[in-house]
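Summary of the model geometry
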Amino acid sequence: MTSRLERITEQRLDSLSRIRARGIDPYPHSYRPSHNIREAITLFEQQGEGSPDISLAGRIMSKRSMGKMSFLDIRDSSGRIQLSLRYDLLGRERYEFLQDIDIGDIIGAKGKLFRTRAGELTLEVSDFAMLCKSLRPLPEKWHGLADVEKRYRQRYLDLISNEESKSIFSLRSKIITAIRSFLDKQGYMEVETPVLQPHAGGALARPFVTHHHALDEDLYLRIALELHLKRLVVGGFDKVYEMGRVFRNEGISVKHNPEFTLLECYQAYSDYNDVMILVEEVLAHIAKEVLENTKLTCNGETIDLSIPWQRLHLREAIKNYCGIDFEDYPDAASLGSRMAEMGMEIDPSKGRGRLIDELLSTFVEPKLIQPTFLLDYPLEMSPLAKKKRGNNRLVERFEGFVGGREIANAFTELNDPVEQRDRFQQQLREQTADEEMEIADEDFLEALEYGMPPTGGLGMGIDRLVMLFANQQSIREVILFPQLKTKPEP
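Please read these numbers as outputs of a predicted model, since none were measured by experiment.

Conventions and cut-offs
Residues numbered from 1 in each chain as written. Predicted model: local features only at pLDDT ≥ 70, side-chain atom pairs only at ≥ 80, totals over all residues. Heavy atoms only, no water. Core = buried A, V, L, I, M, F, W, Y, C linked by side-chain atoms within 4.5 Å. Buried < 20%, exposed > 50% of the residue type's maximum accessible area, 1.4 Å probe, protein only. Helix = DSSP H or I, 4+ residues; strand = E, 2+ residues; numbered from the N terminus. Contact = heavy atoms within 4.5 Å. Pairing = 2+ DSSP bridges. Axes fitted to C-alpha atoms, helices over the stretch in contact; angles between N-to-C directions. Salt bridge = Lys/Arg side-chain N within 4 Å of Asp/Glu carboxyl O. Parallel < 35°, antiparallel > 145°, perpendicular 65-115°, else oblique. Left-handed = near helix turned anticlockwise from the far one by under 90°.

Considering the nonpolar core
In terms of nonpolar packing, the biggest core is built from 47 residues, with V279, L283 and F469 touching the most fellow members. Among the elements that take part in this core, helix α9 (residues 272-290) stands out by supplying 10 residues, more than any other. With residues up to four places along the chain from it excluded, the contact list for V279 reads W309, F373, F398, A408, L458 and M460. Core analysis: the next-biggest nonpolar cluster, separate from the first, contains 42 residues, V246, L355, L360 and L448 among them.

Here it is, written out as structure tokens:
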């Protein structure tokens, strides 16, 4: 039995044949509209019905025929507009050509702008051209693309059907532009570092492994940008940043995608206090650029990104929200036992640092709605950070939280090569079944031995930042092509 989709496709293939029989190429090489739709609207607002003839191009989103007059709605990347097509203006042959034009087709149209009696801005078409014949129907007009997984797998249909999705990715682009603009004006230089690396370092994560056949060796897809950027600070670039994809072979959830976009920046002669100011300033800058306001709504909460942010010590926050003072538990066994008493399921392979992180993510993170910095983390959680001045059990590290999510992670960077080597070796000695381990990078350690100035470093997840500004609860809504399990071939 023939499906509805197959019947529609057959009908459109018949239309395609008739168009070609007219001597018309349904897939021409180019078309040069004089304006996009937004520019056309602005032109009419400035000049009214005395404005000159213009040409537009876009995808047909609706079609209404009433005898010898038809209306089409077309949309381009800037907006939507109505077209009016009349038999007496186009002539019989051109008007009958409309019978082979379907919703989803892309056309170009030339004519004059006017307002209908209902007040709708419309292009009165004096000529039109077929630019691309669509062989498949768009999702139903009133329901859009309701299948969530289909929206992610076929993002192009989602963008055609859902204005909200299109606006999210437009917002994402503006956020990235605002970040680059801010850092450039602050004197940072944007750089690019390798995606394929001989060592997977710079973060605690399980890497993806691939094989280079010409070199006959395994390589890792980078899990962070940190170690190469620090090499550049050693080399004399005092302010560097990179915004790029990183890859972590971990679970998939509403907060995690195996590949994601990360911003990392490093500033010589600074510490984590300077980086806190940078984070406050860049978030306020983004808000003003894309929202024209430092306030936004996320998950029903009004969030104020104005400066300054709240500052809390990690130890104090965990103690306040779940009653555990991690300083009372010097090892994983004692801390795990206390957490088990609270009813938490404990993985015996996890070290003390990972257990503290679990307390943070379970009890503290969801409560940090307004912008907050958590300061001074246990040494074992941060092998690349300097020890806190006056307390060798802690390091100078902060994480920034907004809307109940972590969006920034920063250190006063460890630049003592002897201590850095000792920390890596200690970490390897303690390695267990836990695969999320930092892998020592001998070349990085050698670079530190040449001398890296005091440095403050920042990592910020761009996807979670967009989730915040777009008021989205799933990371898949802000990544154009999120990772999904491959569907079996039909």
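So, unusual backbone geometry
With an omega dihedral of 5°, the bond running from I307 to P308 counts as a cis peptide bond. With respect to the helices, strands and loops of the structure, P308 is situated in the loop between β13 (301-304) and β14 (310-313). Of note, the phi angle at Y269 is positive, near 65°, even though the residue is not glycine. Of note, the phi angle at N299 is positive, near 50°, even though the residue is not glycine. When you line up the elements, N299 lands in the loop between β12 (295-298) and β13.

Here's the deal with the sheet that holds strand β3 (residues 79-86)
Hydrogen bonds along the backbone pair up the strands of a sheet, which may run parallel or antiparallel. If you walk around this closed barrel you meet the five strands as β1-β2-β3-β5-β4, and the pairing is mixed. The mean angle between the axes of side-by-side strands here comes to 50°, regardless of whether they run parallel or antiparallel. Of the strand pairs in this sheet, strand β4 (residues 106-115) and strand β5 (residues 121-132) are connected by 10 bridges, and their pairing is antiparallel. By the bridge assignment, R115 is partnered in β5 with L121.

Looking at the pairing of strand β9 (residues 217-221)
Across two bridges, strand β7 (residues 196-197) lies against β9 in antiparallel orientation. Bridge pairing links Q197 to Y220 in β9. Where strand β8 (residues 209-212) lies against β9, four bridges are found, and the strand directions are antiparallel. Among the inter-strand pairings, H211 is bridged to a residue of β9, identified as D218. Between β8 and β9, which pair antiparallel one after the other, the connecting turn spans four residues, and D216 there sits at a positive phi close to 55°.

Observations regarding the environment of I107
Relative to the helices and strands, I107 resides in strand β4. Linking I107 and A447, residues 340 residues apart in sequence, is a C-alpha distance of 58 Å.

Notes on the pattern of salt bridges
Enumeration according to the criterion identifies 38 salt bridges in this entry. A salt bridge links D53 to K112; the shortest N-O distance between them is 3.2 Å. Highlighted residues: D53 in the loop between α2 (37-47) and β1 (54-66) and K112 in strand β4, separated in sequence by 59 residues. With relative accessibility at 39%, the residue D53 sits in the partly exposed group. As a salt-bridge pair, R421 and E449 come within 3.3 Å of each other at their nearest N and O atoms. Taken together, the residues span a long stretch of sequence, with R421 in helix α13 (residues 417-429) and E449 in helix α14 (residues 442-450) at a distance of 28 residues. The class for R421 is partly exposed, based on a relative accessible area of 22%. On the accessibility criterion, E449 (48% relative accessible area) is partly exposed. By sharing partners, the salt bridges in this structure join R151, R155, D158 and E477 into a single network.

Examining the packing of helix α11 (residues 332-341) against helix α12 (residues 352-364)
Between α11 and α12, the shortest axis-to-axis distance is 9 Å and the interhelical angle comes to 30°. When the interaxial angle is binned, α11 and α12 end up roughly parallel. For the crossing formed where α11 meets α12, the hand is left-handed. Judged by residue contacts, A332, L335, G336 and M339 of α11 engage R352, L355, I356, E358 and L359 from α12.

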